[in-house]
Structure formats: structure tokens, C-alpha cells
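# Overview (structure and organization)
What follows is each chain in one-letter form.
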Amino acid sequence: TEVIASEDLGKLPDISIADALTRLPGLAAQRTNGRAQQISVRGLNGDFSTATLNEREQVSTNLNRAVEFDQYPADLLQTVTVYKTASANLSSQGIAGTIDMQTVSPLSKTGRQVALSGYYHWNELGQLTPGVSENGYRTSLAYIDQFDDGKVGVAFGVSLAKTPWAGEQFQAWGYPTDAGNFVLGGTKSYVRNSILDRKAYMLVLEFKPNDNFHAKFDLYKADFEEKQLLRGMEIPLYWSQASLQAGYTTSAGLATNATFTNVHPVVRNDVFLRTDDPLALGLNMIIGKNTAWPVNVDFGYSKIERTDQNLETWSGVGFRGTAFTTTDTVGVRLTPGAVPILTTAKNYADGSVLRLSDPQGWGPTNIPGGGMHGYLKYFRAKDEMGQFKAFTKHDLNKWFKSVEVGTNYTDRYKRDGEGPSGFISPANAANTLALPANVGTTDMGFLGMGRIYAYDPLAAYNAGIWAYTPNTD
């Protein structure tokens, strides 16, 4: 086993328990958008391990049973134990291991305790695109007390966090060859600012009127929201109607300096929203604790619902390969081991050169307006589980140390899958639309480009400028 223990509640400094777990040998985190989320034990991913809270299995928002540990703030947990080998007394365990998170037992403390903490967060890349702050915070309050001469204990905690993240992302469509030289086929590149808003609450009530009866009730509740704004450009080059100009510079079979004309970039303003609300509660009772056959009875219930909304919107200098005014000319400079540097003739921070449209003709034609301006899709998941466990243990102190017998029952309901998804197109049946109101510009400097026009895609959709056509394929 590996153990993370805190002397006092609220002393674990990490944003989530996932960050704390990565400090243990044999454990590694799978990161999502920069943050630690799922945990792999001994190289096996989260599908092969089990996560429990106070020894009760936890539900998950994933397609599988891998728990997202960023849902659990480290400052509301007292101890985490990682079991790397199987054990007969663990009713819920995984092939790779079992990660048990434990809340505080207020009667185990010597008296009243109050813990208050606060942190300020920022990201080094700053605000690359408008709409999400580059700054955030995390604060928590925990209170532990005892009453009735140590027979009643109570603990509660609140953890509030707004954590900012940022990223710059380059994707190449690939590198086809022209006259034996590798050239850039196209690029799909973004910058991203996102914010994680997590509100988490913990409550523990403990009752021990005598040495033969001990009861503890615990509750954990969180509200989790993630908002990502992704803005960038998808620029088809060699694999498009664009023309690679002759006379480009080569080095060791690589077109290090090339120019493409007749380019139709797709300017993207996308938004991703995720909400989920994990809930876990349980009651544990030990009856006849000091008798020869003490009985341990445990009830547990946990559930979580997740909703994703992913909206991508397009704009460009033309519609289905036909320019409104003129197409663009793009210079490409390739350096091995580095992000390509692109230069454009047009200023994409100037909204007058762009319109909402289907620049490349990617969408179907049998939808309102005859042109697709983007895509909208939802994902929904629900996981709900009830648990009951009862067992007794008797010390033998002869050939065998002890005997333990019991029963465990778990009832789980899990449903997940893609919700409604479909095309967005002009509500007024026009092929193209004017850009929504400007909210600023997006910095594409990491790609060698300048800034691009930014608008609020979700506000534009909610204003009704686009019609929605379900995708029935």
C-alpha cells in the first residue's frame, strides 16, 4: 500500500486529489487539457483500478468506470490509501489496484479545529483569447468539533475553486510530397483559454455513545463546470484547391520556405461546456464493537450526471471555394522539430474580410441556406449506484488468526452516449451571414500569424442566427 496522510484537514495543498496521487511511486496521471484527471497504477489505465470514498465504490462520468479524480478537492480529504495488491477484505477492488479516499473522523481529533486556506492562480500564457479569465483562485474552510463529552462529532468543509488553463495547439494535416519534397498539407491550430469552476462540500456526523456502538454518516457533494473557448484557423494547403507556387526552397527533402495561393482558411470560434454534479453519501455502523462477534453494517449511495455541449462555428473569405473578394496567399516556413511559421496576406483581425459561411464546402447541401456553418453536439452520461455491506469478524488466536464472513450487494445503473447532434446553418436561408459582434481578438503568434477576429459563438447561437438540423446519419 501507499498512503497520503494529512495531519489536519485542509493541509493537502494540491488542486485535486489527482495531483496528490501523482506524488506516489507507481502512479501516474492522465492529463486532460493540462490538468491531472485519471490515475494509472503500475502502467495500467484507470479502467483497471477502482476508486472508493470511505471504502465505497464511486461512480464515473466516463464511458467506462475510470473515476475522474479532479472532481475531489484534496483539501477536503484526510487520507488516501492506494492498495496495489488484491486483498480479500476489499469488496470493491480493481485488477491494477484500489484507491480509497477517506474523509476525516471528527471523534479521532482531540478537540475543535478550524482550517482556512486561500490560493491565487494564474497561467503563464495569459489570456490568449477573450471570454475566459487568465486568473483564478482556490479557497477552503473546514470545521471539526465534538459534543456531549466526546460522544458526538461533526465535521464539515467547503472548497471553492476557479482554476484557469491555457494552451497553444498545432496539428498538421500531414506532409505530402511534391516532386519528392515534403510540404505541409494543411493545419488545424488553436489557442485555448478555459476555466474550471468547482464547488465541493463535505459533511461528517459521528456518534459513539458507548464502546459497543459506533456510527458515522458522511456526505460529499460537488458542482463542477468547465468552460473552454477555442479559437484558431484550419488552413487547407496542399490537400485543397490552393496552389503551391514553384521555386520554393528545399533542404534535405523538406520544403522549408513555400508559398500557397488561392487559400480558403476556415476561421474557428468554438466553445465547449461541461457540467457534472457528483454526490456520495454513506452510513457505517459497528454494533457490539467489543464483543466476540462485532457486526459492521455499511450503506452507500452515489450518483453523477454529466452534460457536454460542443459548438464549433466557421467563417472564411468565401463560400464553398468561391471568394467574396479575393482568396489569401499563405507563406509556410518549416523547421524540423519546431511548429511551422505561417504568414497571411489578409488581416484576420479585421472582420470585414470574413463572413460566417462554409468556406471549404464540407457540409451537406440539403440543409437550410444550403451551407453548413459549423456543428453542434451533446454528450450525456448518468451513473448511479447503491451499495450494502455487512460482515463480522471473530478472533481465533489458534491455528488461524481470525475468521471474517459477510455479504456485499451492489446495484448499479449506467447510461451514456451522444445526445442530439447536428448541423448549424443560417436561419434566414442565406448562404452566408455577417460576423457576430466583436469581443476582441485571438493571439495566434505561436504560429507566426497575427491576431484573428473573435466573437462569442454560444451567444450568437442563442440569439437565433443559426438554424439547427439534426444529423440522422
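The following refers to the structure shown. If you're wondering where the values come from, they're calculated on a predicted model, not measured in any experiment.

With that settled, the discussion passes to the overall build of the chain. Helix and strand counts for the chain stand at two helices and 30 strands. Here the chain holds 473 residues, and 51% of them are scored as buried. Nonlocal contacts in the chain, meaning residues at least 24 apart in sequence, comprise 73% of its contacts between residues at least 6 apart. Counting every atom, the chain has about 20,900 Å² of accessible surface; 52% of that belongs to carbon and sulfur. Across the chain, 42 positive and 47 negative side-chain charges occur, with their mean positions spaced 1 Å apart.

What follows covers unusual backbone geometry. Located in the positive-phi region is N54, a residue other than glycine, with phi close to 55 degrees. Notably, D149 is not glycine yet its phi reads approximately 55 degrees, a positive angle. On the secondary structure map, D149 appears in the loop between β9 (135-147) and β10 (152-169). Classification of D149 by relative accessible area gives exposed; the value is 79%.

Across the sheet, which stays open at both edges, the five strands sit in the order β1-β6-β7-β4-β5 with mixed pairing between neighbours. Since the sheet does not close on itself, it has two edges, and those belong to β1 (2-5) and β5 (56-57), each with one partner.

Here R192 shows up in strand β13 (residues 186-210). Notably, R192 is buried but unbridged: the nearest opposite-charge side chain belongs to E226, and the N-O separation is 6.1 Å. Here S194 takes part through its side chain, which lies 3.2 Å from a polar atom of the side chain of R192.

In the structure shown here, the tally under the stated rule is seven aromatic pairs. With a centroid separation of 5.3 Å and an interplanar angle of 25 degrees, the aromatic rings of Y72 and Y220 are classed as stacked. Residue Y72 is located in the loop between β5 and β6 (79-83), and its partner Y220 is located in strand β14 (residues 213-236); the two are separated by 148 residues in the primary sequence. Given a relative accessible area of 4%, Y72 falls into the buried group. Pairing F299 with F388 gives two aromatic rings, centres 5.2 Å apart and planes at 45 degrees, and the pair type is tilted. With F299 in strand β20 (residues 295-316) and F388 in strand β26 (residues 374-395), this pair connects stretches of sequence that are 89 residues apart. With relative accessibility at 29%, the residue F388 sits in the partly exposed group. Positioned over the ring face of Y119 is R138, at 4.3 Å from the centre of the ring. When the ring centre of Y378 is taken as origin, the NZ or CZ atom of R380, which lies over that ring, is 5.3 Å away.

Conventions adopted
- Residues numbered from 1 in each chain as written.
- Predicted model: local features only at pLDDT ≥ 70, side-chain atom pairs only at ≥ 80, totals over all residues.
- Heavy atoms only, no water.
- Helix = DSSP H or I, 4+ residues; strand = E, 2+ residues; numbered from the N terminus.
- Buried < 20%, exposed > 50% of the residue type's maximum accessible area, 1.4 Å probe, protein only.
- Contact = heavy atoms within 4.5 Å.
- Areas by Shrake-Rupley, 256 points an atom, 1.4 Å probe, with all protein chains shown as cover.
- Lys, Arg positive; Asp, Glu negative; His and termini not counted.
- Charge placed at Lys NZ, Arg CZ, Asp CG, Glu CD.
- Pairing = 2+ DSSP bridges.
- Salt bridge = Lys/Arg side-chain N within 4 Å of Asp/Glu carboxyl O.
- Polar contact = N/O pair within 3.5 Å; in protein donor to acceptor, adjacent residues only side chain to side chain.
- Phe/Tyr/Trp six-rings, centres within 6.5 Å; stacked < 30°, edge-to-face > 60°.
- Lys NZ or Arg CZ within 6 Å of the ring centre and 35° of its normal.

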